[in-house]
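Each chain, letter by letter, is given below.
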Amino acid sequence: ATEESVFLGRTAESRRVRAECADVLPGGVASNWQDAPPGAVWISHGAGSRVVDVDGTSYVDLHGGFGVGLVGHAHPAIVEAVSDRVRKGTHFAQPTEDVVVVARELARRFGLPLWRFGNSGTEATMDAVHLMRAATGRMKIIKIEGSYHGHHDSVQVSVYPDLAEAGPAGHPHSVPSGRAVPPALAQLTLVAPFGDLAAVERLLVENPGEIAGMIIEPIMMNVGLIPPPDGYLDGLRSLLHRHGAYLTFDEVKTGFAVAPGGAAQWSGVRPDLLCLAKALGGGVPCGAIGGVPALMNLIADGTYEQVGTFNGNPLTMAAARAVLTSVLTDDAYRHFDRLRRVMTEGAEDVLRRHDLPGYVRSYGAKGAVVFHDRPLLDYRDFAAYPDQWGNAHWLYQHNGGVFLPPWGKCEQWTVSVQHSEADVRRFVVNLERMAASLRP
Ligand code: PLP
C-alpha cells in the first residue's frame, strides 16, 4: 500500500490529464493496454535510454513501448533518416528505393526470400493466416492457448482464457476472446498447449485435410517468457508439413530482439511464414511478412490480395532501413548481451540471497523475472500462479526510476542500444530494495 501511494503521488499530472481526456478518449487513453494497472503514465518525451512523464519525472525506460524500443529514443540515425524523408514527402502509395534495401536485409537475416509490408503486427499475422488459407484452401488454423497475435478475429481466440471455460489442459476449447469475435469463426481456430507436439498431432488427425497451418510465437513472450522445449519447433514444422499444413512464426516480439535474425536464427528452424513488426520501424508504425515462394507468390498472382494504402510507407521504410543498416549491427547485439548479463546475473543473485520465489529468463535485448517457484511451461501454469510479486516489482521499479511494462506477471523488459550498464544496474538495485523491504 505504501508503494502504491508513492506511485499515485508521483503521477498526479498523468492522472489529471487522463481524467480530463475521458470524455474524448474511451478510458482516457489511445489504446486499451496503455491504461494497464496501476494506470497510464502520460509521457512528455524520450531521449536515449530515458522517458520523461508529464510530471517531469525521468525514468530508465525498460518498457520500450512494448518491445519496440531496441534503438532507444531519438537515436541520431533514426532522427536523420526520418527527417530527411519528411523533407522529401512521406506518402505516394508507390514504392521507394528503401523498400528494396529493407526487404533484402530481412531476407538475409531471416532466411526467407520474399517480403511484404503493412503497418502493425496485427496486419502481419492477419496476412499470415490469410496466406495459409489461400495456399491450402483449408479454413482451420491452430494457435497456442493463451497466445496473443494481435486483434483480428481469427487469432482473438483463447487469448488469456478464463480457466473455467478453457476445457481440458491437453485439449483446450476455442474460447472467443470477447463478444466481438463471432463464435462460428472462433471454431475455425483450434487451440493447443505450448510445448505439446502430441496435442498438435491430435488436432491434425482429428481434422484431416482441414488445417491450413499453425501460428506460434517461437519463444512465448506474452505469458512471462517461455522458451520452446528442445526439438519442439522443428517437430512442429515436420508434423505440419506431413499433414500438408504450414508453419508461421509470429516474431513481432522476438524478431530483432533475441538475435539479428530473430528466433528463427536462434532456434535454427525456418518457418514457412514469419511476421515482424515492433522493433523494425525504430518507433514508426510498421509490420512485415516474409515467406517461402510457395506462399508469397500467391500475392504476386493475385490469389491473395495483400493490400494497404500505407503498405511500404516511405517514412516507415526510411526508418527501417536506418534500423537495419545503421543501428542493429553486430555491435548492438554484443551490447545487448552485456546488458542482459548484468540484469540476469544481478537479479538471480538478489533472488538467491533473499530467498525470493522466482527465476530469470533472458534472450538478447529482452528478459523477465518470473516470480514463481518453478519454470512456467505453458499458459495453464502462467494463469495459475499469483501475481502479487510481479505487481509489487513494477511499483518498486517505478518508484526507483525504472519504467517497466505493465502487468508484472506477463511482460518483459526491453533494453536498447542507448542503455548503459549503469541504467540496467538500477533495475537490480530496485529489485534488491523490494526484496529487502518485503522479505524479513
Ligand atoms: N504478435 C505478438 C506476439 C505481439 O506481442 C503483438 C503485440 O503486442 C502483436 C502480434 C500485435 O502487434 P500490433 O500491436 O502491432 O498490432
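Residues numbered from 1 in each chain as written. Predicted model: local features only at pLDDT ≥ 70, side-chain atom pairs only at ≥ 80, totals over all residues.

1. Here's the deal with the overall build of the protein
- Within the protein, the secondary structure is distributed over 16 helices and 14 strands.
- For 440 residues, the compact-globule estimate of 2.2 N^0.38 gives 22 Å, and the protein sits close to it at 21 Å.
- Dimensions of the protein, computed from C-alpha atoms along their principal axes, come out at roughly 60 × 55 × 45 Å.
- Counting only residues that meet the buried cut, the protein has 50% of its 440 residues in that class.
- Sequence separation of 24 or more characterises 73% of the internal contacts of the protein that already satisfy a separation of 6 or more. (Helix = DSSP H or I, 4+ residues; strand = E, 2+ residues; numbered from the N terminus. Rg over C-alpha atoms; globule rule 2.2 N^0.38 Å. Buried ≥ 20, exposed ≤ 12 C-beta atoms within 10 Å, placed from the backbone. Contact = placed C-beta atoms within 7 Å.)

2. Let's talk about the nonpolar core
- Counting residues in each nonpolar core, the largest one holds 124 residues, and the members touching the most others are Met214, Ala319 and Val323.
- Counting residues per element, this core draws most heavily on helix α12 (residues 314-327), at 9 residues.
- Each of domain 1 (2-70 + 330-438) and domain 2 (76-327) contributes no fewer than three residues to this core.
- Setting aside residues no more than four positions away along its own chain, Val323 makes contact with Val71, Ile78, Leu280, Gly282 and Leu328. (Core = buried A, V, L, I, M, F, W, Y, C linked by C-beta atoms within 7 Å. Domains from an automatic or database assignment.)

3. Focus: unusual backbone geometry
- Of note, Lys278 is a non-glycine position whose phi angle comes to about 35°, a positive value.
- Tracing the sequence through the fold places Lys278 in the loop between β9 (273-276) and β10 (287-291).
- Look at Asp355: it is not a glycine, yet its phi comes out positive at around 55°.
- Topologically, Asp355 is positioned in the loop between α13 (330-353) and β11 (359-363).
- Residue classification places Asp355 among the exposed positions, given that 8 C-beta atoms sit within 10 Å.

4. Observations concerning the sheet that holds strand β3 (residues 58-61)
- Spatial strand order, β1-β2-β3-β13: 4 strands in an open sheet with mixed pairing. Edge positions in the open sheet fall to β1 (43-47) and β13 (402-403), since each of these has one partner strand only.
- Note: β3 against β13, 2 bridges, orientation parallel. Across the sheet, Val60 pairs through a bridge with Val402, a residue of β13. (Pairing = 2+ DSSP bridges.)

5. Quick notes on the site of the ligand
- Taken together, 14 residues lie around the ligand, and Ser120, Gly121, Thr122, Gly150 and Val252 are the ones closest in.
- For the shell around the ligand, the element with the most residues is helix α6 (residues 121-136), which contributes 3 residues.
- Classifying every residue of the shell around the ligand gives 4 nonpolar, 7 polar and 3 charged. (Near = placed C-beta within 6 Å. Nonpolar A, V, L, I, M, F, W, Y, C, P; charged D, E, K, R; others polar.)

6. Quick word on the pairing of β1
- Two strands pair when backbone bridges link them, and β1 and strand β2 (residues 50-53) are joined in this way by 4 bridges, in the antiparallel orientation. When the bridges of β2 are listed, Ile43 appears paired with Asp53.
- Where β1 folds back on β2, the antiparallel hairpin that results is connected by 2 residues, among which Gly48 adopts a positive phi of roughly 65°.

7. Things to note about helix α8 (residues 197-206)
- All of the buried residues along α8 are Ala199, Val200 and Leu204. Axial view of α8: buried residues confined to an arc of 140°, hence all on one face. What points out from α8, more than 90 degrees from its buried face, is the exposed set Ala198, Val205 and Glu206.
- Taken together, the buried residues of α8 touch β5 (140-144), β6 (189-192), β7 (211-216) and α9 (232-242). (Arc of directions from axis to C-beta.)

8. A word on the packing of helix α15 (residues 388-399) against helix α16 (residues 421-438)
- Running from amino to carboxyl end, α15 crosses α16 at an angle of 120°, the nearest separation of the two axes being 9 Å. Our classification of the angle between α15 and α16 gives oblique. In this structure, α15 crosses over α16, and the sense of that crossing is right-handed. Only Phe427, Asn430, Leu431, Arg433, Met434 and Leu438 of α16 make contact with α15, whose side of the interface consists of Ala392, His393, Tyr396 and Gln397.
- Of the residues belonging to the contact of α15 with α16, the class tally is 6 nonpolar, 3 polar and 1 charged. (Axes fitted to C-alpha atoms, helices over the stretch in contact; angles between N-to-C directions. Parallel < 35°, antiparallel > 145°, perpendicular 65-115°, else oblique. Left-handed = near helix turned anticlockwise from the far one by under 90°.)

9. Things to note about the domain arrangement of the protein
- Under the domain assignment, the protein is made up of domain 1 (2-70 + 330-438) and domain 2 (76-327).
- At the junction of the two partners, domain 1 supplies 25 residues and domain 2 supplies 25 residues.
- Within the residue set of the side of domain 1 that touches domain 2, elements represented by two or more residues are α13, β11, β12 (366-370) and α14 (379-384).
- Residue composition of the side of domain 1 that touches domain 2, grouped by class: 15 nonpolar, 5 polar and 5 charged.

10. Some words on the environment of Arg338
- Tracing the chain through its elements places Arg338 in helix α13.
- You can call Arg338 partly exposed: it has 14 C-beta atoms within 10 Å.
- Separated by 115 residues in sequence, Arg338 and Val223 place their C-alpha atoms 25 Å apart.

11. Structural notes on the sheet that holds β10
- What the 7 strands build is an open sheet, ordered β4-β10-β9-β8-β7-β5-β6; its pairing is mixed. If you trace the sheet from one side to the other, it starts and ends with β4 (114-118) and β6, each paired once. Each neighbouring strand pair of the sheet contributes to a mean axis angle of 20°, computed without reference to strand direction.
- Sheet topology note: the β5/β6 ladder contains 4 bridges and is parallel. What sits directly across from Ile142, in β6, is Leu190.

12. Some points on α13
- Counted at 1.5 Å a residue, the expected span for α13 with its 24 residues is 34 Å, and the 35 Å between its end C-alpha atoms agrees.
- Within α13 the residues assigned to the buried category are Ala332, Phe336, Leu339, Arg340, Met343, Ala347 and Val350.
- Those residues of α13 that are buried are in contact with α12, β11, β12 and α16. (Expected span 1.5 Å × (residues − 1).)

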